[in-house]
Amino acid sequence: MATITQTLIDRDEVHEISLKTKEIKFHDLPTPQEYDIPLPPPSVNPTEILEVDKGTPDSHVPRDPRLIRLTGVHPFNVEPPLTALYKEGFLTSPELFYVRNHGPVPQVRDEDIPDWELSIEGLVENPITLSFREILEKYDQITTPITLVCAGNRRKEQNTVRKSKGFSWGPAGLSTALWTGPMMADILRSAKPLRKAKYVCMEGADKLPNGYYGTSVKLNWAMDFNRGIMLAHKMNGEDLRPDHGRPLRAVVPGQIGGRSVKWLKRLIVTEAPSDNWYHINDNRVLPTMISPEMSATSTEWWTDERYAIYDLNVNSVAAFPEHEEVLDLATAGSAYTVKGYAYAGGGRRITRVEISLDKGKTWRLAEIDYAEDKYRDFEGDLFGGKVDMWKRESCFCWSFWSLRIPVSDLENSEALLVRAMDDGMMVQPRDMYWSVLGMMNNPWFRVTITKEGNTLKFEHPTHPSRAGGWMEKAKKAGGDLTNGNWGEKIEGEAPVEPEPVKEINMKKEGLARMIDLQELKANSSAEKPWFVVNGEVYDGTGFLEGHPGGAISITSSAGLDVSEDFLAIHSETAKAMMPDYHIGTLDKASLEALNSGSTAVSNDPRPIFLQSRSWAKMKLSEVKTVSWDTRVFVFDLEHDKQTLGLPIGQHLMIKVPDPTNKEAIIRSYTPVSETNMEGKMELLVKIYFPADKIPGGKMTMALDALAIGAEIDCKGPTGRFEYLGNGRVTISGKERKVRSFKMICGGTGLTPIFQVLRAVMQDPQDPTTCVVLDGNRLEEDILCRAELDAYVALDSRKCTVVHTLSQASENWVGRRGRISEDLIKEFVAPEEGSMVIICGPEAMEKSARKILLDQGWAESDLHFF
Ligand code: MTE
């Protein structure tokens, strides 16, 4: 019998054990050849806190910079680069192991670990609380290899077909480690589950917006040796690292990673499945026809246990050829070895992996390396746990497959397809099963092959963080990714008619006046703002008062060619108004001179970020998730001491490239950060994802696709309204005094309103009162709710907030329905010295205007942002 790392078996002092494990050196271990088992790859435990993590709740967690962040800086959700993962071999080093954290990593001090407590409660005869020390001392320890797979693995493919509610994982949302710890069954047995007990609920120590993370599995699975459910305190022979559940986690083999609760604190034996928010709202494959909207309006989908995911489904991916690999035919040799991974769920074995080069008409059989089986022959201790895999046949690990293919065959193929089958004869499907959470994506893995000169270029469906991949290309080319032909046109398929582009005439009929640069420049003052769009000159003087963005929107364009911005932000209606302001055509030489003119730039750090006449760049530094569709995007200004320079109640223009065609998208936004915040700006944005036939919001999706570090352009301020404090308001430069604000908003329309409300509430001397009527669909759609509640709590005479929900749940005790006549009558009756400020969807603003005017408000007392 072999004993590896005997020192670890000394259980006198658990803390000692935990420290000793750090000293494992791989040269102390028997060589793999000696025992013929794969041992962990060389590993370096990172000690540095990465710059991006500083200032986040995870500023105590050292990490490997190679990991690809999928949800911005925080929470930490990452996958390794696929090639690096594959090259590590059967076992993954802890620093490259994928991470899925719903929130901050609990901070656990080394010295507190021996006293870490796990309670076993609920339907048990003998409720107990065990310390970490007892868990190691009193229970048999096992060591076994297990692959964990996130249910979202390969989700980016689903999101490319149609945005799901989940973030995009590439094909590396999985990893394998040797786990050490006791069987969960032994722990449960000590507490003696009662007869009617059916489930084991698990709860972690990570406090999240909807409670602690938790989920459940069936009790009989936990008690079944063949299902291998265990608790782990070591990974590849080392103490668990913070991201992976230090000091104790559950490991549920063969099931989705979401069931393996990290930072484990409680096991609760119950009659029913877990009622934890994360168990109900996550890890489900809802029927494919359920749209994000349908899923949001009815809870029945989320509590139907038939849709909950437990066992993994069969899946496979090619790691080689790599995404964007180029094979030089001159040096390639006669054959190329295609290789990758495959896994199945529920302990099932992968029984075949097949490759097709002709769209699935014929298949070739790949070789499979069942590295996991090697541990079945090994009997003894490994890292302080017994390897007892000889007793069971279940397969809980991925296997690597490979196939040598003649290069000439690759040359004659357009795409390579991979599919695997398990011992339940379940084979990966050709077509994707799209579902609202985008989970368990497992269609045939397809790598396209394109001949470019004397090379072959390979492309995977997607890349986890970058644009590109054959799916995006096919979609951009107008292909339907669900047509059964991977978005490529099927012979005989009716061509898709491109939507005709409506041309709006912006020129005055019959006008033939030529204007030169000198004349343009002579008329580029705030009083006489001439500007250029598409080579034509417009005089904005007559629209200074009427422009919804305020006079500044026009004066800031004076003397400039503003074609790009103008065309990007103006509606067809606005463009149709342009002939009235058209005064001539700028001659060709003047246009060239205007656009080549360099502007002298000073290198001195600017104290104020926003400039009304030119774009300035800010950098995305963090994305905070507020809910599945709402984020706070945090941008760094040019330096730490710089302020945004946005007057209260005004907006700024943001320019972002459309990720699909790189065209500039420009929209006006009001940040939620305070206007005097230094060095940063925070933007609260609700992402409008596509649904059914309604396309998604271009700008919000482009913002959502921004990588950390990406730059956006901003210009401003814009807006006719400004709040000066103490009830003083200016509208288009004219000052008025207000005693009370009636604020009506819907959805993200809250943001400009919120700036004004905050200014009033933060100044104890400001006597202005505010009534906020806030309309939303669902309770979770209410933005800045905590802040609104805090203002009411601070001074309920000065601030009243009324929420109304159009699709409220049964439990909602507030107002129901849209912002109606009755509600406006009750809270927004005309009043001397007060004004109404409104921001929301067009339909809501229109109906509010009508109701307010009918009730006797004067148009001049209403301001629409
Ligand atoms: N446990 C806690 N306490 N909190 C979490 O956010 N995430 C789950 C699971 N256990 C999670 C958790 C999910 S969805 C997955 S896929 C796995 O942890 C990922 O484990 P890893 O981060 O160690 O790879």
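Provided above is the structure to which this section pertains.
Presented here is an overview of the structure given in this document. (Residues numbered from 1 in each chain as written. Predicted model: local features only at pLDDT ≥ 70, side-chain atom pairs only at ≥ 80, totals over all residues. Heavy atoms only, no water.)

## With respect to empty space enclosed by the protein
Counting across every chain of the model gives 7 cavities of 30 Å³ or more. In this structure, the largest cavity occupies an estimated 90 Å³ of space. Within the lining of the largest cavity, the residues separate by chemical class into 7 nonpolar, 1 polar and 5 charged. (1 Å grid on protein atoms, 1.4 Å probe; cavity = no way out; pocket = protein on both sides within 12 Å on 5 of 7 lines; lining within 4 Å. Points joined across faces, edges and corners; volume = space filled by probe spheres on them. Nonpolar A, V, L, I, M, F, W, Y, C, P; charged D, E, K, R; others polar.)

## A word on the sheet that holds strand β38 (residues 721-725)
Strand order in this open sheet of 3 strands is β38-β39-β40, and the pairing throughout is antiparallel. Of all the strands in the sheet, just β38 and β40 (734-737) have a single pairing partner and so form its edges. Each strand axis lies, on average, 25° off the axis of its neighbour in the sheet, ignoring direction. Alignment of β38 against strand β39 (residues 728-731), held across 4 bridges, turns out to be antiparallel. Bridge pairing in β39 links Phe 721 to Ile 731. (Pairing = 2+ DSSP bridges. Helix = DSSP H or I, 4+ residues; strand = E, 2+ residues; numbered from the N terminus. Axes fitted to C-alpha atoms, helices over the stretch in contact; angles between N-to-C directions.)

## Remarks on the nonpolar core
Core analysis: the biggest nonpolar cluster contains 68 residues, and Val 353, Tyr 375, Trp 401, Leu 410 and Leu 416 have the highest contact counts within it. Among the elements that take part in this core, strand β18 (residues 335-343) stands out by supplying 5 residues, more than any other. Once you skip the residues sitting within four places of it in the chain, Leu 416 turns out to touch Pro 321, Val 338, Ile 355, Ser 356, Leu 357, Leu 410, Phe 445, Arg 446, Val 447 and Ile 449. Within the second largest apolar cluster, 41 residues are counted, among which are Leu 118, Ala 197, Tyr 213 and Ala 222. (Core = buried A, V, L, I, M, F, W, Y, C linked by side-chain atoms within 4.5 Å. Buried < 20%, exposed > 50% of the residue type's maximum accessible area, 1.4 Å probe, protein only. Contact = heavy atoms within 4.5 Å.)

## Brief notes about the pairing of strand β25 (residues 415-422)
Burial runs high along β25: 8 of the 8 residues are buried. Where burial is concerned, the two faces of β25 agree: the one with Ala 415, Leu 417, Arg 419 and Met 421 and the one with Leu 416, Val 418, Ala 420 and Asp 422 are both buried. Where β25 lies against strand β26 (residues 445-452), 4 bridges are found, and the strand directions are antiparallel. Paired with Leu 417 across the two strands is Arg 446, which belongs to β26.

## Examining the site of the ligand
What surrounds the ligand is a group of 19 residues, the closest being Tyr 98, Asp 206, His 244, Arg 249 and Lys 262. In this structure, Lys 262 approaches the ligand through a side-chain N or O atom, which is 2.5 Å from an oxygen atom. Mapped onto the shell around the ligand, the elements with two or more residues apiece are β4 (99-100) and β9 (199-208). Class assignment of the residues belonging to the shell around the ligand gives a composition of 7 nonpolar, 7 polar and 5 charged. (Near = heavy atom within 4 Å. Polar contact = N/O pair within 3.5 Å; in protein donor to acceptor, adjacent residues only side chain to side chain.)

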